[in-house]
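Structural features, examined
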Amino acid sequence: MTSSEHQPRDPHYAERVRASFARQTALVLIGAAIRDVTPGVVEIELPYRADLCQQHGFLHGGIITTIVDSACGYAALSLMPPETGVLAVEFKINLLSPGLGERFLARGKVVRAGRTITVCSGEVVAFTGDTEKPIALMQATIMAIHGREGVRD
């Protein structure tokens, strides 16, 4: 399913996603930024930083997982009605290649949007100059949260 086939239930979905992202202190801490928000698709970009690497100089797998998990969650949120939050309840990640590059792009896409459960696919690519290399794939299950104290968009 392409993003053009998804219909957001909130006309202000992009503003909601960006406002929620701004409250994500972990993503702010690592220097991630939203690059694009469309119905059912969110892209998050992260520049290379040596302080986010593991002992071999590769971007840490936990950081890669963080950006693609967030991209999937925000892709799901983009299709939710107002006053709805989301939480990942399960995901699987395949780390395909070491995290080497000048910048990294995580793209989350909704595969199937439901009222309670949304399934997303995610990918992370590393860029070095004009070269693009896939380094991770994710499948995530995202749950819609309604009326729960402390959980909002």
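See above for the structure.
The text that follows walks through the structure, step by step, so that each part is easy to find. These numbers come from a predicted model, not from an experiment. (Residues numbered from 1 in each chain as written. Predicted model: local features only at pLDDT ≥ 70, side-chain atom pairs only at ≥ 80, totals over all residues. Heavy atoms only, no water.)

Some remarks on the environment of Ile145
Selection rule: Every helix listed is a DSSP run of H or I at least four residues long, and every strand listed is a run of E at least two residues long, numbered separately from the N terminus. Buried means the residue's accessible area, taken with a 1.4 Å probe over protein chains only, is under 20% of the maximum for its type, while exposed means over 50%, and partly exposed covers the values in between.
Mapping Ile145 onto the fold places it in strand 6 (residues 131-146). According to the relative accessible area criterion, Ile145 is buried, its value standing at 5%. As for Ile145 and Lys109, which are separated by 36 residues in sequence, their C-alpha atoms are 19 Å apart.

Observations regarding the sheet that holds strand 5 (residues 117-128)
Convention followed: Pairing between strands is defined by DSSP: at least two bridges between the two strands are required. Angles shown run from 0 to 180 degrees and are taken between the N-to-C directions of axes, each axis being a line fitted to C-alpha atoms and, for helices, limited to the stretch in contact. Every residue pair with non-hydrogen atoms within 4.5 Å of one another is taken to be in contact.
Spatially, the six strands line up as an open sheet ordered 1-2-4-5-6-3, and their pairing is antiparallel. One side of each edge strand has no neighbouring strand; the edge strands of this open sheet are strand 1 (33-38) and strand 3 (84-95). In this sheet, neighbouring strand axes are inclined to one another by 20° on average, regardless of whether the strands run parallel or antiparallel. Two strands pair when backbone bridges link them, and strand 1 and strand 2 (residues 41-47) are joined in this way by five bridges, in the antiparallel orientation. If you follow Asp36 over to strand 2, its bridge partner there is Glu43. Across the face of the sheet, helix 1 (residues 13-22) comes into contact with strand 1, strand 2 and strand 3 while running at roughly 160° to strand 1.

Some remarks on the nonpolar core
The tendency in soluble globular proteins is for nonpolar side chains to be buried side by side. Here is the rule we go by: Take the buried Ala, Val, Leu, Ile, Met, Phe, Trp, Tyr and Cys residues and link them wherever side-chain atoms come within 4.5 Å; each set so joined is a nonpolar core.
In this structure, Ile30, Ala32, Ile44, Leu46, Ile67 and Val124 are the most contacted members of the largest nonpolar core, which totals 39 residues. Elements with a contribution of two residues or more to this core: helix 1, helix 2 (25-30), strand 1, strand 2, helix 3 (61-77), strand 4 (103-113), strand 5 and strand 6. By residue number, the principal contributor to this core is helix 3, which donates ten residues. Contact partners of Ile44, with chain neighbours within four places excluded, come to Phe21, Ala32, Ala33, Ile34, Arg35, Ile67, Ser70, Ala71, Phe104, Leu105 and Ala106.

Read these as geometric descriptors, not functional statements.
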